[in-house]
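Okay, here's what each chain looks like letter by letter:
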Amino acid sequence: MPRPPDALTPAGKKRRLSIYLDPDLMRLLADFADRHEQSRSMIAEAAIASFLSPDADERREAAIVKRLDRIDRTVQRLERDTGIANEAFAIFIRAWLTATASVPETAQAAAHAKGGERYDKFLEALGRRLAKGPKLRQEVGDDIDRSTPDP
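Because the structure is predicted, anything quoted here is derived from the model rather than measured.

A look at the overall build of the protein
Check the secondary structure of the protein and you find five helices and zero strands. Listing every helix and strand of the protein by position from the N terminus yields α-α-α-α-α. Put simply, the protein has 151 residues, and 6% of those count as buried. In the form shown here, the protein has an accessible surface area of approximately 14,100 Å², with 59% of it arising from carbon and sulfur atoms.

This is the structure:
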C-alpha cells in the first residue's frame, strides 16, 4: 500500500531516507562517489531509480540476449572448425588410400614396426603443435583471408 506524502514535506521536494549498508558496500559506494566526484546520495538515488525502473527488465533481457548471441557465435565457430577438421581428415585418408601401395606379406612385420614408429613420431609432433604451434583453423582462416580479393 503506498504511503501518503509526508504532510511536512512540500510537494516536489526530496525527502530523507535513512538506510543501513554493509561496511563493504558502503566502502564501494564511497570509493565510486569519490572517483566520479558525485555525492553518495546522488549515486544511491540513481541506483534505486534504475532498480525500480520499468525498463530494468528490458536492460537485463538485452544483456542476456547479448550473451546468448556471443554463445551462438562461439558454437558456430566450433561447428565450422569441426567441419574443417573432418574435411581435412577425409581428404588425407582418401589421398593416403590412393597413394599407398599394398605391402607384400613377407614385409608386413617390418611395415607394422615402421608404422608404429611413425605413429609415435606423429603423436609427438601433434603434442608439440597443440602445445605451442599455430592451429590448423588459424592457418585455414589466414589462407582464406589472403585468397579473398580486396574490394
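Resuming the write-up.
Notes on a nonpolar patch on the surface
A cluster of nonpolar residues, L17, I19, L21, L25, M26, L28, I48, F51 and L52, forms a patch on the protein surface that exposes about 930 Å² of accessible area. Mapped onto the secondary structure, I48 falls in helix α2 (residues 40–52). According to the relative accessible area criterion, I48 is partly exposed, its value standing at 42%.

Points about the confidence of the model for the protein
The predicted structure's coordinates, where accompanied by low pLDDT, should not be read in detail. On average, residues of the protein score 83 in pLDDT, and 81% of them are at 70 or above. Within the protein, helix α5 (residues 136–147) has the poorest average pLDDT of any element, 62, and helix α1 (residues 23–35) the best, 95.

Observations regarding the pattern of salt bridges
Applying the stated criterion to the full structure yields five salt bridges. In this structure, E45 and K14 form a salt bridge, with 2.9 Å as the shortest nitrogen-oxygen distance. Highlighted residues: E45 in helix α2 and K14 in the segment before α1, separated in sequence by 31 residues. The salt bridge involving D81 is made with R80; its shortest N-O contact spans 2.8 Å. Since its relative accessible area comes to 16%, D81 is described here as buried.

Some words on helix α3 (residues 56–99)
The end-to-end C-alpha separation of α3 is 64 Å, in line with the 64 Å expected for 44 residues at 1.5 Å each. Within α3, burial applies to A56, D81 and I84.

Quick notes on the rules
- Residues numbered from 1 in each chain as written.
- Predicted model: local features only at pLDDT ≥ 70, side-chain atom pairs only at ≥ 80, totals over all residues.
- Heavy atoms only, no water.
- Helix = DSSP H or I, 4+ residues; strand = E, 2+ residues; numbered from the N terminus.
- Buried < 20%, exposed > 50% of the residue type's maximum accessible area, 1.4 Å probe, protein only.
- Areas by Shrake-Rupley, 256 points an atom, 1.4 Å probe, with all protein chains shown as cover.
- Patch = residues over 30% accessible without salt bridge, like charges linked within 9 Å, V, L, I, M, F, W, Y side chains within 5 Å.
- Salt bridge = Lys/Arg side-chain N within 4 Å of Asp/Glu carboxyl O.
- pLDDT = per-residue confidence, 0-100.
- Expected span 1.5 Å × (residues − 1).

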